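A structural walkthrough
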Amino acid sequence: MTDSKYFTTTKKGEIFELKAELNSDKKEKKKEAVKKVIASMTVGKDVSALFPDVVNCMQTDNLELKKLVYLYLMNYAKSQPDMAIMAVNTFVKDCEDPNPLIRALAVRTMGCIRVDKITEYLCEPLRKCLKDEDPYVRKTAAVCVAKLHDINAQLVEDQGFLDTLKDLISDSNPMVVANAVAALSEIAESHPNSNLLDLNPQTINKLLTALNECTEWGQIFILDCLANYTPRDDRESQSICERVTPRLSHANSAVVLSAVKVLMKFMEMLPKDLDYYGTLLKKLAPPLVTLLSAEPELQYVALRNINLIVQRRPEILKHEMKVFFVKYNDPIYVKLEKLDIMIRLASQANIAQVLAELKEYATEVDVDFVRKAVRAIGRCAIKVEQSAERCVSTLLDLIQTKVNYVVQEAIVVIKDIFRKYPNKYESVIATLCENLDSLDEPEARAAMIWIVGEYAERIDNADELLESFLEGFHDESTQVQLQLLTAIVKLFLKKPTETQELVQQVLSLATQDSDNPDLRDRGYIYWRLLSTDPVAAKEVVLAEKPLISEETDLIEPTLLEELICHIGTLASVYHKPPSAFVEGSRGVQHKRLPGSAGSGESVDSPDPASAAGVTEAPPAVIPSQGDLLGDLLNLDLTPPTATGPPPAPSSGMQLGAMDLLGGGLDSLMGDESEPLGGDIGGSAAMGAGFGAAPAAMPASFNAPVSGGLDDLFDLGGSVGMPMGAYSPPKTVWLPAMKAKGLEISGTFARRAGVIQMEMTLTNKAMSVMTDFAIQFNRNSFGLAPAGPLQVLTPLSPNQSIEVSLPLSTVGPVMKMEPLTNLQVAVKNNIDVFYFSCQYPISMLFVEDGKMERQVFLATWKDIPNDNESQFQIKDCHLNSDAASNKLQGSNVFTIAKRTVEGQDMLYQSTKLTNGIWVLAELRVQAGNPNYTVSLKCRAPEVSQCVFQSYEAMLKN
């Protein structure tokens, strides 16, 4: 009979009977009783009353019985901590048992008993097991160290278990190596600055040797660890790639994806002209294709990862288009993902194949899939110019089917095709107008209205068509209302005599009858433009539009790099960095790909923070006009259509109507002048994104203060005169090769309470540069220019100029990743250029950041302990007074100092511009170059940035 019989009993008074059986002299009866106890525990009955009786059964040679007792112990030790101590002697004894299975069982159970009281008793048995002669015991003990570290990190460090773990990386048994790596990686994740996994070529060699012989999960741990290593040069990179490549043929898809991650990362360092580089590209394709023959759920994970790989290196799968063709029985989530990858791989060579497939998909029964297929045809037209005509005729064929949702999607994509290829396919407008009445989705209606407004001169009854939309103006979505307003103004500027009533009607609806601020502001702008300067209105509203780019849905480059480093994890499926969805992500590190070999880009000198091992993203230049940042800044990127010489710089209201609508960047500069007349709530450009209110000051400053902490603040010595504020050295933010000859290098400084953005503009082009302006995207702390960019004289070729731009912190707020990232657009007479840089958070430390001592005490106690972060600052050779002076120069104020056993402890406060307070305890030991800083803050996400600034300020 099977063990299922133990689950069928429903007797009353069972506990009493079990107690008697557990204390029986007969071994068989004892074992039966323990099985019944485990069965009751499994179905949720409380059998904790039997704890002492079950623990007595531990003294046995029977392995099966011992396993059952240990299982019970793991479950109830937490609720019975005092009784759990009874089991300690047996653990110690079992750790010296001649049978390695029992030794391993004992050490495994020890790791699972999460009771503080007994952890210290387990250190000695664990130390023995870590040095056990049997590899099975050693590998189990390695994992136990990670579990113990989770319960009591300090104990593990004091007992030297971490050093023993590091020694196990050199173990002769590959499974022990894999488990040691897994344990160290786990511990390192919760302590990102501990540098536990000190990876060097010798260690890497040991890991690669173990890689071939350990189990599949061991291989994954080792590959993930390898992915965190940065090779010294391309030769080492190639050598690692050669030894990892065989993992691509592994049966486990997780091993394959981990190997792909390592290769994708190390390929960055290989010169593209290397023969091996081409070979590696060819080797990467087959394993990725093989993943697509698994079950649908695995296919989806593979496709999400392939989507990232194709964005980074489309050449890997450029000949594999057919495997992404949709099968009739694919689930919808797989179909949509395949469709996305097909478009990314579409090229002149395979477009005929792709279009034939997409046309087939557009006749499917699944509505979502059909919509995406129709949209994909439009994206192919925009991406592959040679195919545009075939795509348009395919879309017209689909419109003739008169299927409502197909027609609507087709109209939306045809609008984009008109934007990409002006004056080429306008002959199809008549066909589109025939379907006007069937449109009921906002996006399709908005697209059709845009087409009618843009080509009003070619449509005889354009006014009637737009008037028909106007009848239900208040019932339309905002998107349609905004589009309708702009289209009627365009129509009026093209046919003023026939449409005067229509334009007055729409302006009245938009400004007087609407509650939507965007719509109202746009209505007011048009009204004033039309009433004061119709010529300027024409130049603004009918300005030539920039061509749209083909890939507007690409992931932003810095995020893509981070996601490539997380291939095979949830981040690569969500297409979000771990910090976006991992709770309590203090330990989440931002990973970056290493710099590519032979790319020709100069490597900036590292700033002090990154030199100390802080992984800080280098400034990324954001490329095409059509990508995310362009959309975010909401700029019309057209150069001003001026016929005469460039106008002299002007300020205030003289900026001109054209700039207000985004033709130039000066729209954000006129802070002091009234933007558009007294009765409007700010211009459209200024109205975006004042989303997050600044964090409030700590709420509990009046909390009671216990006397016990008061004597901490016996000030041991007066603080000397502060030094100057820290300012990092200048780095290149925008290389000349990315900005048509304009090079911008810069830094940030805080002087007399004002944040300054200090830049050097260098003209490396052959032509003179004028008309400079600057604008910031929304950012974490609301940084915005406090005035125009003062470049008063033209910038001649090979000339450099120093510019200092004062910044305010009252701009629109949006949380950035990383937190101190700043996305900037700079315009001159040649073009608009985008770049992103990072400012040190110390620029935001304000001058009134010194707390009262009592308030400091109350606040420190009131902030939850979970919000405390601890960091190490290494190789710093200042005494505590010098450190205090240096920090005070950057508005980090020492409230108190005390000395305990030769260690100076400084208690400090600082306040950010948005009202967030950060409290710190800095420990300085005489003769020890390593400082410890503990930071407490109500917004713990700023702690990492504050630590980086501490490190930079002290080491500067």
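A quick note: this is a predicted structure, and the numbers were derived from the prediction, not measured.

This brings us to the overall build of the protein. Counting secondary structure elements, the protein contains 40 helices and 13 strands. Each of the 956 residues in the protein was classed as buried or not, and the buried ones make up 52%. The long-range share in the protein, meaning contacts at least 24 apart out of those at least 6 apart in sequence, stands at 68%. Carbon and sulfur atoms make up 51% of the accessible area of the protein, which amounts to about 43,100 Å² in all.

It is worth spelling out the nonpolar core at this point. A general feature of soluble globular proteins is that nonpolar side chains tend to end up buried together. Ranked by internal contacts, the top residues of the largest apolar core, which has 211 residues, are Tyr72, Leu126, Val244 and Phe418. Among residues more than four places away in sequence, those in contact with Tyr72 are Val37, Ile38, Met41, Val47, Ser48, Leu50, Phe51 and Val54.

Now for unusual backbone geometry. Cis peptide bonds are those with omega within 30 degrees of zero, and the linkage from Glu817 to Pro818 qualifies with -5 degrees. When you line up the elements, Pro818 lands in the loop between strand E6 (800-808) and strand E7 (821-827). You will see that Asp771, though not glycine, has its phi angle at about 55 degrees, which is positive. Examined against the element boundaries, Asp771 turns out to sit in the loop between strand E3 (754-763) and strand E4 (773-776).

Looking now at the sheet that holds strand E10 (residues 893-900). In space, the 5 strands of this open sheet follow the order E9-E13-E12-E11-E10, with antiparallel pairing throughout. In this open sheet, the two edge strands, each paired with only one partner strand, are strand E9 (868-873) and E10. Neighbour-to-neighbour, the strand axes of this sheet turn through a mean angle of 20 degrees, independent of strand direction. In this structure, strand E12 (residues 917-925) lies alongside strand E13 (residues 931-937), joined through 6 bridges in antiparallel fashion. Looking at E13, one finds that Leu919 is bridged to Lys936. Its contacts with the sheet place helix H38 (residues 853-862) against E9, E10, strand E11 (903-911), E12 and E13, and it is angled at close to 95 degrees to E12.

Next up on the list: the packing of helix H28 (residues 478-494) against helix H31 (residues 534-541). Running from amino to carboxyl end, H28 crosses H31 at an angle of 125 degrees, the nearest separation of the two axes being 10 Å. The angle between the axes of H28 and H31 places the two elements in the oblique class. Read as a crossing pair, H28 and H31 show a hand that is left-handed. Residues Val489, Lys490 and Leu493 of H28 form the contact with H31, whose participating residues are Pro534, Ala537, Lys538 and Val541. Residue composition of the contact of H28 with H31, grouped by class: 5 nonpolar, no polar and 2 charged.

Taken as a whole and judged by the stated rule, the model has 12 aromatic pairs. The interplanar angle of 20 degrees and the centroid separation of 5.9 Å between the aromatic rings of Phe856 and Trp860 together place this pair among those described as stacked. Here Trp860 and Phe856 lie together in helix H38, a separation of 4 residues that amounts to about one turn. Just as Phe856 is buried, Trp860 falls in that class too. Seen from their ring centres, Phe856 and Tyr907 are 6.3 Å apart, and the 80 degrees between their planes marks the pair as edge-to-face. One end of the pair, Phe856, is in helix H38; the other, Tyr907, is in strand E11, and 51 residues separate them in sequence. Residue Phe856 is classed as buried on the basis of its relative accessible area of 1%.

All right, on to the pairing of E7 then. The buried count for E7 comes to 7 of 7 residues, which makes it a mostly enclosed element. Burial along E7 is two-sided: the residues Asn821, Gln823, Ala825 and Lys827 and Leu822, Val824 and Val826 are all buried. Bridge count between E4 and E7: 4 bridges; the pairing is antiparallel. Along E7, the bridge assignment pairs Gln775 with Ala825.

This part is about the environment of Glu133. Within the secondary structure, Glu133 sits in the loop between helix H9 (123-130) and helix H10 (135-151). Between the C-alpha atoms of Glu133 and Pro100, which are 33 residues apart in sequence, the distance is 9.2 Å. In contact with Glu133, other than residues within four places in its own chain, are Arg103 and Arg138.

Conventions and cut-offs
Residues numbered from 1 in each chain as written. Predicted model: local features only at pLDDT ≥ 70, side-chain atom pairs only at ≥ 80, totals over all residues. Heavy atoms only, no water. Helix = DSSP H or I, 4+ residues; strand = E, 2+ residues; numbered from the N terminus. Buried < 20%, exposed > 50% of the residue type's maximum accessible area, 1.4 Å probe, protein only. Contact = heavy atoms within 4.5 Å. Areas by Shrake-Rupley, 256 points an atom, 1.4 Å probe, with all protein chains shown as cover. Core = buried A, V, L, I, M, F, W, Y, C linked by side-chain atoms within 4.5 Å. Pairing = 2+ DSSP bridges. Axes fitted to C-alpha atoms, helices over the stretch in contact; angles between N-to-C directions. Parallel < 35°, antiparallel > 145°, perpendicular 65-115°, else oblique. Left-handed = near helix turned anticlockwise from the far one by under 90°. Nonpolar A, V, L, I, M, F, W, Y, C, P; charged D, E, K, R; others polar. Phe/Tyr/Trp six-rings, centres within 6.5 Å; stacked < 30°, edge-to-face > 60°.

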